[in-house]
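Listed below are the residues making up each chain.
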Amino acid sequence: MATDSNKFQAIISHCKEYGFIFPSSEIYDGLQAVYDYGQMGSELKKNIKDYWWKSMTQLQENNIVGIDAAIFMHPTTWKASGHVDNFNDPMIDNRDSKKRYRVDHLIEAHAEQMEKDGRIDEARGLLQEMEVLLGQDNFVALKELIIKHNIKCAVSGTINWTDIRQFNLMFATEFGNASADAESDNKVYLRPETAQGIFVNFLNVQKTGRMKIPFGIAQVGKAFRNEIVARQFIFRMREFEQMEMQFFIRPGSQMEWYEYWKTERLKWHLSLGIDPAKYRYHDHVKLAHYADAACDIEYEFPFGFKEVEGIHSRTDFDLKQHQEYSRKKQQYFDTEINQNYIPYVLETSIGLDRMFLLVLSNSYEEQDLSTEEKKDSRVVLKLVPKLAPIKLAILPLTKKDGLPEIAQQILKDNRGAFKCFYEEKDTIGKRYRRMDAIGTPYCITIDHQTKEDNTVTIRYRDSMEQERIPIDKIREIVLKEIE
Ligand code: ATP
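Residues numbered from 1 in each chain as written. Predicted model: local features only at pLDDT ≥ 70, side-chain atom pairs only at ≥ 80, totals over all residues. Heavy atoms only, no water.

Could you give an account of the environment of T455, with specific residues and numbers?
Mapped onto the elements of the fold, T455 is located in strand β22 (residues 455–460). Taking the C-alpha atoms as reference, T455 lies 4.1 Å from P470; in sequence the two are 15 residues apart. Leaving out residues up to four positions away in the same chain, T455 has contacts with Q449, T450, R468, I469, P470 and I471. At 2.8 Å, the side chain of T455 forms a polar contact with the side chain of R468. (Helix = DSSP H or I, 4+ residues; strand = E, 2+ residues; numbered from the N terminus. Contact = heavy atoms within 4.5 Å. Polar contact = N/O pair within 3.5 Å; in protein donor to acceptor, adjacent residues only side chain to side chain.)

Hey, could you go over the pairing of strand β19 (residues 392–396) for me, with residue numbers and the actual values?
The element β19 is largely enclosed, with a buried count of 5 among its 5 residues. Residues L392, I394 and P396 point to one face of β19 and A393 and L395 to the other, with burial holding for every one of them. Both β19 and strand β20 (residues 420–422) contribute to a ladder of 3 bridges, which runs parallel. Residue pairing across strands places L392 opposite C420, the latter belonging to β20. Once you follow β19 into helix α13 (residues 403–414) and on to β20, the crossover reads as right-handed. Sheet topology note: the β19/strand β21 (residues 442–446) ladder contains 5 bridges and is parallel. Looking across to β21, one finds that A393 is bridged to C443. (Buried < 20%, exposed > 50% of the residue type's maximum accessible area, 1.4 Å probe, protein only. Pairing = 2+ DSSP bridges. Right-handed = clockwise from strand over helix to strand, strands pointing away.)

Please provide a residue-by-residue account of helix α10 (residues 254–270), values included.
The end-to-end C-alpha separation of α10 is 24 Å, in line with the 24 Å expected for 17 residues at 1.5 Å each. Looking only at α10, the buried set comprises Q254, W257, Y258, W261, K262, E264, R265, L266, W268 and H269. (Expected span 1.5 Å × (residues − 1).)

Before we move on, can you summarise the site of the ligand with the specific residues and values?
Taken together, 16 residues sit near the ligand, with E227, R236, M237, E307 and V308 positioned nearest. Between the ligand and G351 there is a distance of 3.0 Å, counted from an oxygen atom to a backbone nitrogen or oxygen. Side-chain polar atom of R354 to an oxygen atom of the ligand: 3.0 Å apart, as the coordinates give it. At the level of secondary structure, the elements contributing two or more residues to the shell around the ligand comprise β10 (239–249), β13 (304–315) and β16 (344–351). (Near = heavy atom within 4 Å.)

Residue-level account of the sheet that holds strand β23 (residues 466–470), with values.
Overall, mixed pairing links the 5 strands, which are arranged β20-β19-β21-β22-β23 in an open sheet. Taken across any chain shown, the strands that pair with only one partner, and hence form the sheet edges, are β20 and β23. Strand-to-strand twist across the sheet, computed as the mean angle between neighbouring axes with direction ignored, equals 30°. Across 5 bridges, the pairing between β22 and β23 is antiparallel. Within β23, the residue paired with T455 across the bridge is P470. Strands β19, β21, β22 and β23 of the sheet are contacted by helix α16 (residues 474–482), whose axis makes an angle of about 170° with β21. (Axes fitted to C-alpha atoms, helices over the stretch in contact; angles between N-to-C directions.)

Residue-level account of the side chain of D93, with values.
In this fold, D93 is placed in strand β4 (residues 88–93). The exposure class of D93 is buried, given its relative accessible area of 13%. A distance of 3.0 Å separates a polar atom in the side chain of D93 from a polar atom in the side chain of R100. Beyond its immediate chain neighbours, meaning those up to four positions away, D93 contacts K99, R100, N160, W161, T162 and R165.

I'd like a rundown of the pattern of salt bridges, residues and numbers included.
A pair can form between side chains of opposite charge whenever their charged atoms are brought close. Following the criterion strictly, the structure yields 36 salt bridges and no others. For E239, the salt bridge is made with K222, and the minimal N-O distance between the two is 2.7 Å. Of the two residues, E239 sits in strand β10 while K222 sits in strand β9 (residues 215–224), which places them 17 residues apart along the sequence. Using a relative accessible area of 28% as the deciding quantity, one classes E239 as partly exposed. For K222, a relative accessible area of 29% gives the class partly exposed. Within the structure, one salt-bridge network assembled from shared partners comprises D89, R102, D104, E227 and R236. (Salt bridge = Lys/Arg side-chain N within 4 Å of Asp/Glu carboxyl O.)

Give a description of helix α5 (residues 103–116) that names residues and reports values.
Taking 1.5 Å per residue, 14 residues should reach 20 Å; α5 reaches 20 Å between its end C-alpha atoms and fits that length. Here α5 has its buried residues at V103, D104, H105, L106, I107, A111 and M114. Where the residues of α5 are buried, they touch β4, β5 (100–102), α6 (120–135) and α7 (139–148). One or two steps after α5, the chain reaches G118, where phi turns positive at roughly 85°.

Please set out unusual backbone geometry residue by residue, giving values where relevant.
Trans peptide bonds make up the majority, and among non-glycine residues the majority have a negative phi. Following I213, the chain continues into P214 via a peptide bond in cis, with omega recorded as 5°. Within the secondary structure, P214 is located in the loop between α9 (202–208) and β9. Backbone geometry places D401, a non-glycine residue, at a positive phi of 60°. Assignment of secondary structure puts D401 in the loop between β19 and α13. For D426, which is not glycine, the phi torsion reads 75° and is therefore positive. Along the chain, D426 turns up in the loop between β20 and α14 (428–438). Using a relative accessible area of 40% as the deciding quantity, one classes D426 as partly exposed.

Pulling in residues and values, what's your account of the sheet that holds strand β6 (residues 165–168)?
Strands sit in the order β5-β4-β6 across an open sheet of 3 strands; the sheet is antiparallel. Two strands bound the open sheet, and with one partner strand each, they are β5 and β6. The average undirected angle you get between the axes of adjacent strands in this sheet is 45°. When β4 meets β5, the two strands line up antiparallel, connected through 3 bridges. Residue I92 lies in a different strand from β5, and its bridge partner there is Y101.

What follows is the structure, given as structure tokens:
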């Protein structure tokens, strides 16, 4: 059985083996921190996305609508948002190995090791000092901190560090067939967050949708960041997907809505049946240039508690900036209080790929099923049925005696309602195991008794219990759990 430290490796292998995730362009040895979702992964990812979309745009009491903005945006967007000047990570290079590290990651990894060695207070002290210095952008003192704690490069084992420098995380490219002059007017960026596509459409949506504050705009889409330290599988990618919602509110009401969305978003996570002990909030000490309050929702991944979602009170920073740079008023007339103002914004921002990894980490289980007579085990993904790539497997016991025909008819009757899978090869035990490994919550087996009384055996993934049910009950049982 996998321990926590190798559980992560087991999940990565499992993803590859069962068609969830492949390294991008693998035949050319892959591309660092870029991944492709396979036949199972794309279904699971879509189900997570659909559940978020529905929760936001359909099930909310608050008024939230969705949009789908383009990845390319006018370059001035990124000047206004602060990304051209501020979207930097402090980095440090090791002169011997030539390896580049994000300063916070380097120090955090060292603190983690200290904690493992039982030096808990020292580790906390180090992290606190780091937070303060990062907040002050005090790179000289940060480098001294690294040297003082003798923090070595994992590759060269030396402390031969360069000075700390800032690196911008945006990918740039050119529009049209201009020369590759980086400073040319044709330079465009691949968006590093989806939020700005919402801000620049604030008035379009407000006016055409006759939206009244408070209201929200939700969006799911790709974002790109030239992450220097890209590791931990799909946790930190260079091309990833975000699910973001900007909630437009009256100035002064932001703390109320901040608390509201903090609670609401955690509830969404817990509605997926995930153990609350696996979650915690992490309040930001160092606030981004646009925020007056911010926290992360963290989940305990196999490699520790890490951010999966951010809740940010963005004030009127973004709309104000766009008003200034575009010279177009970004104001709202509030008829209830007879006032014109630039709305404040509360943001919820979750990484779809990170959520995918969370769901997998939470549902992956290696079970020992050995009895005195024989050794046995299984890998099961205990996915909530609404997220499972396949809801129902239809398995005729044999390939003959008319059983496949009955099974095919069941497939035809149900595939319009949910995703089904049909298979007649191999022993029934092997077929069950394969379905367990991709998280299929229900398998039904068609046998000779089916011909006599129109019943099938349904097998439940988690309990492995089986029962006989009439064919016409199948749809009801499956739908009850996925709706
Ligand atoms: P981190 O501190 O991990 O770099 P961040 O604070 O920069 O994340 P945000 O800008 O708040 O992240 O983005 C919101 C969400 O987008 C994050 O909570 C995360 O789930 C997701 N996200 C951000 N960067 C990446 C990435 N490189 N790969 C995958 N998901 C990401």
